[in-house]
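Remarks on the overall topology
Listed here are the chains, written in short residue letters.
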Amino acid sequence: MRSFFLLGFLIFSNFIWMKAQSRNLELIHELIDSSAVSIFNSTGKTEDPLKITFNYGENYNSLTERFIIALTSLGAKLTKSELIGKTVSYSIDEASINYSEVFKDGLFGSYKVERRANLSGSFIFTVNNKVEIAQEFSISTTDTVDYDSISELENPSLSFTRSKIPAEPLLPTLIEPAIAISSIAITIILFFTVRSK
């Protein structure tokens, strides 16, 4: 009964850990939200309607909707009208995910990797075609994820959610089986030594 309870606990813990790890797209969305807050505060939280224009390649088209949602949730009133005097031009230079070297979580723990999400770009706020604010932004966030779950965190159809996965280190891979085999050998030797006495 105890072993059944322990197995259930381990499965549940692993499920909770997987849920706690944000997908790469979610991290980029959080950075888009942060940029929207910064822009909204910089423009004086204007209650006048804003026209938004976007300047970036097709790679980042999927992020347009997220930026609009983030601004409207802050209270910005957006419009497509050409007659509006206040405009925000939003540009993304880079949205990316990068992984650092793989490391072990303890001697017999699982492999982990540090994940870094980056967003950089700029925005220009104009009033009646006069530039009021022109700023660049660079935002990043770092966390640690399970090495084995990287493929589940990436989105195959969005290149900016993928990155080169570092190779699994060779030394720990060799040491662990050696330790396990040595432990078994010592246990067997001790068992027969003690039994013969």
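Just above, that's the structure.
The structure contained in this document is the topic of the report that follows.

Turning our eyes to something else, we now look at helix α2 (residues 24–42). The terminal C-alpha atoms of α2, which comprises 19 residues, lie 27 Å apart, in line with the 27 Å expected from a rise of 1.5 Å per residue. What α2 keeps buried is the set Asn24, Leu27, Ile28, His29, Leu31, Ile32, Ser35, Ala36, Ile39 and Phe40. Contact partners of the buried residues in α2: α3 (63–73), β3 (86–104), β4 (111–127), β5 (130–146) and α4 (150–153). Gly44 sits one or two residues past α2 and shows a positive phi near 80°.

Attention now goes to the pairing of strand β1 (residues 50–55). Pairing of β1 with strand β2 (residues 78–79) involves two bridges; the strand directions are parallel. The partner of Leu50 across the bridge, within β2, is Leu78. Handedness of the β-α-β unit built from β1, α3 and β2 comes out right-handed.

Turning our eyes to something else, we now look at unusual backbone geometry. A positive phi angle, close to 55°, is found at Asn128, a residue other than glycine. You can call Asn128 exposed: its relative accessible area is 61%. Its identity as a non-glycine residue notwithstanding, Asn129 has a phi of 65°, on the positive side. Structurally, Asn129 can be placed in the loop between β4 and β5. The exposure class of Asn129 is exposed, given its relative accessible area of 77%.

Conventions adopted
- Residues numbered from 1 in each chain as written.
- Predicted model: local features only at pLDDT ≥ 70, side-chain atom pairs only at ≥ 80, totals over all residues.
- Heavy atoms only, no water.
- Helix = DSSP H or I, 4+ residues; strand = E, 2+ residues; numbered from the N terminus.
- Expected span 1.5 Å × (residues − 1).
- Buried < 20%, exposed > 50% of the residue type's maximum accessible area, 1.4 Å probe, protein only.
- Contact = heavy atoms within 4.5 Å.
- Pairing = 2+ DSSP bridges.
- Right-handed = clockwise from strand over helix to strand, strands pointing away.

So yeah, pure geometry; function would need other evidence.
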